[in-house]
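Structure assessment
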Amino acid sequence: MGDLSPDQAAAELAWLAARLQAANVAYHRDDAPDISDATYDALKQRNLAIEAAFPALKRSDSPSEQVGGTVAEGFGKVQHVVRMLSLGNAFSDADVRDFDLRIRKYLGLGQDAGLIYTAEPKIDGLSLSLRYEGGILMQAATRGDGAVGENVTANARTIADIPHVIADAPEILEVRGEVYMSHADFAALNRRQTDAGGKTFANPRNAAAGSLRQLDATITQARPLRFFAYAWGDLSAPLADTQFAAIARLATLGFATNDLMVRCDGPADMIAHYHRIEEQRATLGYDIDGVVYKVNDLDLQQRLGFRSTTPRWAIAHKFPAELAWTRLEAIDIQVGRTGALSPVARLTPVTVGGVVVSNATLHNEDYIAGLGGDGQPIRGGRDVRVGDWVQVYRAGDVIPKIKDVNLARRPADAVPFVFPDVCPDCGSAAIREDGDAVRRCTGGLICPAQAVERLKHFVSRAAFDIEGLGAKQVEQFYADGWITTPADIFTLRDRFATGLQQLKNREGWGEKSAQNLFDAIDEKRQIPLHRLIFSLGIRHVGEAGAALFANHYGSWRAFQEAMTAAKVGEGAAWDDLTGIDGVGAVMATSVITAMQQEAERASIDRLVAQLQVHDAVPVARDSPVAGKTIVFTGTLEKMTRAEAKARAESLGAKVSGSVSAKTDILVAGPGAGSKAKKAAELGVATMDEDAWLALIGAG
Ligand code: IVH
């Protein structure tokens, strides 16, 4: 031991902890030992010897303190230190030019100022985040909902492209990239699956996802997965100054990176590279579905920051969707949680881009009739009829759509589709309001379809996400009258854990699964405010809207009081609500209406009585402006208004457009007028741009 420095000893202890932990998982959980017993014992001995020589370096997760193995049902959850985001899409050259213009505008850069982008293939696989501490792979996590992913460490360790140990890396480094399967490996896997009588995969992406998410890591190991690194998350030291150099650094560290990545000096260059990549698409040997552009300068990326789910500094330029012709067999009407009647095309199954498609959305009655959202003809005004030959396409992940109809093959007896004016589910009138393209069931809570869809939304991943309570279970419970509104979920244990009718006695349930469900429900009695608001399924209030409300009002109490007090179109509560950046009159009206509708509100109150709602946490609690309301006025000279606002919000401040008694700070540049006057009258602290930058530590 004498020849080991403390640094070396610490590094080796870290490696031993990770290695022995992996061996425990392989042995105990997966019944698939990955090292021999003798090697295991030797590693444990080595660990003990180092700990004896350097007692101060003994780790809190020391293998010498651990007895049993890890027992895991499903995958553990991993909270991402830096959220894993998705990308905005560009579908045309004009979209790419707009992307460049938006960035220039945000940064206050003129048309002629140099701005370099990187362009690289968008790999069609699934994203993975690899966390290295002290150069050792400690954890691998899937994206999940972006905030919380699944721990797939044991599986990731079986992928040859993923190094277990890296040298000369920052102390903490999260490498992000795409797990994918090559065409050749995919074909061979499907052949093996067929020979073994197993199920085959529809496309390489499904095969990659199915292989990575195996509870048994030996199965993952037998699947030929690969990994391209293209981004990073948590970092203790910057990798480089530019995107291009950072990826080159990852390559030096031993990661596979894509050699089709180039630097471009503007939209024309980017689009040219897009076409070069498109030409090679068929011969690359793996699936790609577009080209990703990123701002090369990492300081600029930092300034540009993020919208709620996508970075401002990157975009995916998608390849045109694949098309296929098939027959439209029927048009069904589905009723959504807000009562919208949505027509769905039932198709003769056809393969589009490697996936079998048998349903497509028909949007609404105008769309079927050949009219677009603006009332102008689409498809040359051709309507869609049952029996028609239709052209179907898939754009990325989204539901298939219908692009065209072939009138030459229309059956002689095909008749125009008559859109129902009553709800197919509850028989209530289905009406179209002025300016709404959608016909809606007026049944509200009495409509079973709406009730079930609301419940499904309530338990969905971004809402309550209750383990063991998915769409299928909700449908069953609703059909049997066990659950009609969300509050009923939280009284299931009281009603059905004991007594005459018990969950454990129902088909498909047993003692253990019933207990697990009750426990999973109890676990979600504690819920963050934004999830609760989103789960209510209020029309026009998606995840981003719910987060805006949560951040603005802070607590359920403040939110519900404000919604109860608000009047549509007037008054202080309305002004406050519509003053939230991103909340327009439509969303504001919808949330007020929902919160003030008697039956609806009673149902919400019953639910909240079952819960402990966690207040919103300011984005950055320790910043000097967290929770403060800021107003910017006059000309800002160091950054654009959009950037100033986004920066303040990322530090936990609220940015408002008008000065009131609630304003904490007015940042006034040259030319500030009435707002500065009003602030002075109200005694609101006023500072110039430099003082503001100094306050937020950016001066
Ligand atoms: S960058 C913050 N680069 O596409 C943005 N993503 O549709 C980080 N993807 O979630 C992503 N190839 O799973 C980036 N070269 C590439 C990519 C890529 C594939 C995936 C990734 C992302 C999704 C968004």
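As the structure is a prediction and not an experimental result, all values here were calculated from the model.

**As for the overall build of the protein chain**
- Regarding its fold elements, the protein chain presents 25 helices and 24 strands.
- Taking the principal axes of its C-alpha atoms as reference, the protein chain extends roughly 85 × 75 × 65 Å.
- Each of the 699 residues in the protein chain was classed as buried or not, and the buried ones make up 45%.
- Across the protein chain, the fraction of contacts at a sequence separation of at least 24, relative to all contacts at a separation of at least 6, is 66%.
- For the protein chain, the computed accessible surface area is about 33,300 Å², with 51% contributed by carbon and sulfur atoms.

**Details of the site of the ligand**
- Within the structure, the ligand sits among 13 residues, and Glu120, Ile123, Arg143, Glu178 and Tyr230 are positioned closest to it.
- Between an oxygen atom of the ligand and a side-chain N or O atom of Lys122, the distance comes to 3.2 Å.
- Ile123 is positioned with one of its backbone polar atoms (N or O) 3.0 Å from a nitrogen atom of the ligand.
- In the complex, the protein chains occlude 88% of the 530 Å² of accessible area that the ligand would expose alone.
- No other element matches strand β3 (residues 117–123), which puts four residues into the shell around the ligand.
- For the shell around the ligand, the class distribution of residues is seven nonpolar, one polar and five charged.

**Considerations on the nonpolar core**
- Membership of the largest hydrophobic core comes to 58 residues, with the highest contact counts inside it found for Ile489, Phe549, Trp556, Leu577 and Val591.
- With six residues, the top contributor of residues to this core is helix α21 (residues 585–596).
- Filtering out sequence-adjacent residues up to four positions away, Leu577 remains in contact with Phe549, Tyr553, Met563, Val583, Ala588, Val591 and Ile592.
- Ala156, Phe201, Ala208 and Leu253 belong to the second-largest nonpolar core, a separate cluster that totals 34 residues.

**Remarks on the sheet that holds strand β5 (residues 136–142)**
- Here we have four strands laid out as an open sheet, ordered β5-β4-β7-β8, and antiparallel in their pairing. Every other strand in the sheet has two partners, leaving β5 and β8 (226–235) as the edge strands with one partner each. Direction aside, the axes of adjacent strands within the sheet are offset by 30° on average.
- As judged from the six bridges shared by strand β4 (residues 126–133) and β5, these two strands associate in the antiparallel manner. Its bridge partner being in β5, Tyr132 is matched across the sheet by Leu137.
- Seen against the sheet, helix α8 (residues 243–252) touches β7 (172–180) and β8 and runs at an angle of roughly 115° to β8.

**With respect to helix α16 (residues 511–523)**
- Between its first and last C-alpha, α16 extends 18 Å over 13 residues, near the 18 Å set by a 1.5 Å rise per residue.
- Buried within α16 are the following residues: Ala514, Leu517, Phe518, Ala520 and Ile521. The arc that holds every buried residue of α16, seen down its axis, measures 160°, which confines them to one face. Exposed and oriented more than 90 degrees from the buried face of α16 are Lys512 and Glu523.
- Residues of α16 that are buried in the fold lie against α13 (471–479), α14 (486–489) and α15 (492–496).

**Examining the environment of Val418**
- In this structure, Val418 sits in the loop between β16 (401–405) and β17 (430–432).
- When the C-alpha positions of Val418 and Glu365 are compared, they lie 8.6 Å apart, and in sequence the two are 53 residues distant.

**Topic: the sheet that holds β3**
- Overall, mixed pairing links the five strands, which are arranged β2-β11-β10-β3-β9 in an open sheet. On the outer flanks of this sheet lie β2 (89–90) and β9 (262–264), each paired with one strand and no other.
- Looking at chain direction, strand β10 (residues 288–295) and strand β11 (residues 314–318) are connected through five bridges and run antiparallel. The residue bridging Val291 from the neighbouring strand is His317, located in β11.
- Across the sheet, helix α9 (residues 267–280) is in contact with β3, β9, β10 and β11; its angle to β10 comes to roughly 155°.

**So, helix α3 (residues 93–107)**
- For α3, which comprises 15 residues, the first-to-last C-alpha distance of 22 Å matches the rise-based estimate of 21 Å (1.5 Å per residue) to within 8%.
- Those residues of α3 not exposed but buried are Val96, Phe99, Asp100, Ile103, Arg104, Tyr106 and Leu107.
- At the exit of α3 stands Gly108, carrying a positive phi of roughly 70°.

**Remarks on the packing of aromatic side chains**
- Scanning the model with the defined rule gives 18 aromatic pairs in all.
- With 5.8 Å between their ring centres and 65° between their planes, Phe464 and Phe490 make a pair best called edge-to-face. A residue pair is termed long-range when its members are at least 10 positions apart, and Phe464 in the loop between α12 (448–459) and α13 and Phe490 in the loop between α14 and α15 qualify at 26 residues.
- Judged by relative accessible area, which is 0%, Phe464 ranks as buried.
- On the basis of relative accessibility, which here comes to 2%, the residue Phe490 falls in the buried class.
- Seen from their ring centres, Phe632 and Trp692 are 5.5 Å apart, and the 90° between their planes marks the pair as edge-to-face. Linking Phe632 in strand β21 (residues 629–633) with Trp692 in helix α25 (residues 689–695), this pair joins segments that are 60 residues apart in sequence. Pair check on accessibility: Phe632 and Trp692 agree, each one buried.
- Among the aromatic side chains, those forming a connected cluster through ring pairs are Phe477, Trp482, Phe496 and Trp509.

**Quick notes on the environment of Leu323**
- By the secondary structure assignment, Leu323 is in strand β12 (residues 322–335).
- As a C-alpha pair, Leu323 and Val82 span 241 residues in sequence and 37 Å in three-dimensional space.
- Each residue touching Leu323, except ones within four places of it in the same chain, is listed here: Val352, Gln391, Val392, Tyr393 and Lys403.

**A look at the pairing of β10**
- Burial of β10 is extensive: eight of the eight residues sit out of reach of the surface.
- The pairing of β3 with β10 spans seven bridges and is classified as antiparallel. Residue Ala119 lies in a different strand from β10, and its bridge partner there is Tyr293.

**With respect to the confidence of the model for the protein chain**
- In the predicted model, the protein chain carries a mean pLDDT of 90, and the fraction of residues at 70 or more is 95%.
- Note that pLDDT drops below 50 for residues 67–73; the model gives that stretch nine contacts with residues more than four away or on any other chain.

**Observations concerning unusual backbone geometry**
- Of note in the backbone geometry, His363 takes a positive phi value of approximately 65° without being a glycine.
- Within the element layout of this structure, His363 appears in the loop between β14 (355–361) and α11 (365–369).
- Judged by its relative accessible area of 31%, His363 is partly exposed.

The rules behind the values
- Residues numbered from 1 in each chain as written.
- Predicted model: local features only at pLDDT ≥ 70, side-chain atom pairs only at ≥ 80, totals over all residues.
- Heavy atoms only, no water.
- Helix = DSSP H or I, 4+ residues; strand = E, 2+ residues; numbered from the N terminus.
- Buried < 20%, exposed > 50% of the residue type's maximum accessible area, 1.4 Å probe, protein only.
- Contact = heavy atoms within 4.5 Å.
- Areas by Shrake-Rupley, 256 points an atom, 1.4 Å probe, with all protein chains shown as cover.
- Near = heavy atom within 4 Å.
- Polar contact = N/O pair within 3.5 Å; in protein donor to acceptor, adjacent residues only side chain to side chain.
- Nonpolar A, V, L, I, M, F, W, Y, C, P; charged D, E, K, R; others polar.
- Core = buried A, V, L, I, M, F, W, Y, C linked by side-chain atoms within 4.5 Å.
- Pairing = 2+ DSSP bridges.
- Axes fitted to C-alpha atoms, helices over the stretch in contact; angles between N-to-C directions.
- Expected span 1.5 Å × (residues − 1).
- Arc of directions from axis to C-beta.
- Phe/Tyr/Trp six-rings, centres within 6.5 Å; stacked < 30°, edge-to-face > 60°.
- pLDDT = per-residue confidence, 0-100.

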